[in-house]
Amino acid sequence: MSEKIQCRVDYSNYTSSGCQSLLEYIESQDLEVHYHCRDGYCGACRTVLVEGEVNYPKEPLAFVRRGEFLPCCSEPLTDLLIEAEKL
């Protein structure tokens, strides 16, 4: 079973990573986010956003509650503090 942790996403590390989405970046950091579609349709990757701002280059179709974001189709605008699961 995975343990929930808070982790930082450094904006400058993300931009130099070559990742196309926050989901790809989070996975590259050995953290886990459950997902299905990788395109903002299903909402399975809903993740808690503790601090920071994200951008959706293409508006997601899945419902996103206040304080959450979809890493599969977003990118950071600032440094982030998120809640994820450690592998």
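So, here is what we can say about the structure in this document. Since the structure is predicted, the reported quantities are computational estimates derived from the model, not experimental observations. (Residues numbered from 1 in each chain as written. Predicted model: local features only at pLDDT ≥ 70, side-chain atom pairs only at ≥ 80, totals over all residues. Heavy atoms only, no water.)

1. Details of the pattern of salt bridges
- One pass over the full model with this rule turns up 6 salt bridges.
- Here K4 and E85 are joined by a salt bridge, their closest N and O atoms 3.6 Å apart. One end of the pair, K4, is in strand β1 (residues 3–9); the other, E85, is in strand β7 (residues 80–86), with 81 residues separating them in the sequence.
- For E85, a relative accessible area of 14% translates into the label buried.
- Here R65 makes a salt bridge to E68, at a shortest N to O gap of 3.6 Å.
- A relative accessible area of 44% means that R65 is categorised as partly exposed.
- Beyond isolated ion pairs, a larger network of salt bridges with shared partners links R46, R65 and E68. (Salt bridge = Lys/Arg side-chain N within 4 Å of Asp/Glu carboxyl O. Helix = DSSP H or I, 4+ residues; strand = E, 2+ residues; numbered from the N terminus. Buried < 20%, exposed > 50% of the residue type's maximum accessible area, 1.4 Å probe, protein only.)

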